[in-house]
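The lines below spell out each chain.
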Amino acid sequence: MRLGVASDHAGYDLKKAIIDYLRSLGVEVIDFGCGPDETVDYVDYGSKAIESLLRGECVRAILFCGTGLGMAILANKYPGIRATPCWDEFTARVSRSHNNSNCLTLGGRVLDVDKAKQIVAIWLETEFEGGRHERRLNKISVIEKNNFKKIISPSNLIKERSNAFLRRKS
Ligand code: RB5
């Protein structure tokens, strides 16, 4: 299994500990940054991991920031991403069995390393239950498709491009 991981400065130390843990389990990890000793915007790093996941270069992603919340908000802007902040064993388990989470987000300022390792282990091993949960997720997919359509429908794209063209002209 290959995972994409990314963090900002507030999630960096926890990311480093979890990368070591994942590698000790034999999981392949691609780290999209950030590096140590830099203060960054979580958006710039989380988006790299999610875009790689959407290209199929990894099967799931784990993102780290101070709380896990900003990274979850970011990741859930991408179609097909079900990002779940988890803070204990129960949320880790149901994020997979009920929500079919494909992106775990963790908070470096709210979790200690041992708790985060437990969460990661459960999140990795728990299977999606399907059934009624699949029906619910399918309903979310319909909402996602309808709303993304509004934003990126061809007519909106044409409008956006001609506005940009007119702006350049003026
Ligand atoms: C960075 O200070 C902090 O705001 C960020 O890591 C994260 O917690 C945002 O959700």
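Residues numbered from 1 in each chain as written. Predicted model: local features only at pLDDT ≥ 70, side-chain atom pairs only at ≥ 80, totals over all residues.

## Brief notes about the overall build of the chain
(1) Moving on: In terms of regular secondary structure, the chain is built from seven helices and five strands.
(2) Moving on: Starting at the N terminus and walking to the C terminus, you meet the elements of the chain as β-α-β-α-β-α-β-α-β-α-α-α.
(3) Moving on: When the 170 residues of the chain are sorted by exposure, 32% land in the buried category. (Helix = DSSP H or I, 4+ residues; strand = E, 2+ residues; numbered from the N terminus. Buried ≥ 20, exposed ≤ 12 C-beta atoms within 10 Å, placed from the backbone.)

## What about the nonpolar core?
(1) Moving on: Residues Ala 61, Ile 62 and Leu 63 are the most contacted members of the largest nonpolar core, which totals 37 residues.
(2) Moving on: For this core, the secondary-structure elements that each account for two or more residues are strand 1 (2-7), helix 1 (12-24), helix 2 (42-54), strand 3 (60-65), helix 3 (69-75), strand 5 (103-107) and helix 5 (113-125). (Core = buried A, V, L, I, M, F, W, Y, C linked by C-beta atoms within 7 Å.)

## Comments concerning the environment of Leu 25
(1) Moving on: Mapped onto the elements, Leu 25 comes out in the loop between helix 1 and strand 2 (28-31).
(2) Moving on: By C-beta crowding, Leu 25 is classed as exposed, having 11 other C-beta atoms within 10 Å.
(3) Moving on: Distance from Leu 25 to Ala 121, taken between C-alpha atoms, is 9.4 Å for residues 96 residues apart in sequence.

## Some words on the site of the ligand
(1) Moving on: Every residue close to the ligand is listed here: Asp 8, Ala 10, Tyr 42, Cys 65, Gly 66, Thr 67, Leu 69 and Gly 70.
(2) Moving on: Of the residues contributing to the shell around the ligand, the split by class is four nonpolar, three polar and one charged. (Near = placed C-beta within 6 Å. Nonpolar A, V, L, I, M, F, W, Y, C, P; charged D, E, K, R; others polar.)

## Remarks on helix 4 (residues 89-97)
(1) Moving on: If you check which residues of helix 4 are buried, you get Ala 92, Ser 95 and Arg 96. Down the axis of helix 4, the buried side of the element spans an arc of 90°, and every buried residue falls inside it.
(2) Moving on: Against the buried residues of helix 4 lie strand 4 (83-85) and helix 5. (Arc of directions from axis to C-beta. Contact = placed C-beta atoms within 7 Å.)

## Structural notes on the sheet that holds strand 3
(1) Moving on: One open sheet accounts for five strands, arranged 2-1-3-5-4; its pairing is parallel. The sheet is open, and its two borders are formed by strand 2 and strand 4, each paired with just one other strand. Mean inter-strand twist for the sheet, computed between neighbouring axes without regard to direction, equals 25°.
(2) Moving on: One ladder, built from five bridges, connects strand 1 with strand 3; its direction is parallel. Residue pairing across strands places Val 5 opposite Ile 62, the latter belonging to strand 3. (Pairing = 2+ DSSP bridges. Axes fitted to C-alpha atoms, helices over the stretch in contact; angles between N-to-C directions.)

## Observations concerning the environment of Leu 124
(1) Moving on: If you trace the backbone, Leu 124 turns up in helix 5.
(2) Moving on: Sequence-wise, Leu 124 and Arg 60 are 64 residues apart; in three dimensions their C-alpha atoms are separated by 9.4 Å.

## Notes on helix 1
(1) Moving on: With 13 residues, helix 1 extends 18 Å between its outermost C-alpha atoms, agreeing within 8% with the 18 Å of an ideal straight helix rising 1.5 Å per residue.
(2) Moving on: Here helix 1 has its buried residues at Tyr 12, Leu 14, Lys 15, Ile 18 and Leu 22. Viewed end-on, helix 1 has its buried residues packed into an arc of 150°, placing them on one side of the element. Residues Asp 20, Arg 23 and Ser 24 are exposed on helix 1 and point more than 90 degrees away from its buried face.
(3) Moving on: Phi for Gly 26, located one or two positions after helix 1, is positive at around 85°. (Expected span 1.5 Å × (residues − 1).)

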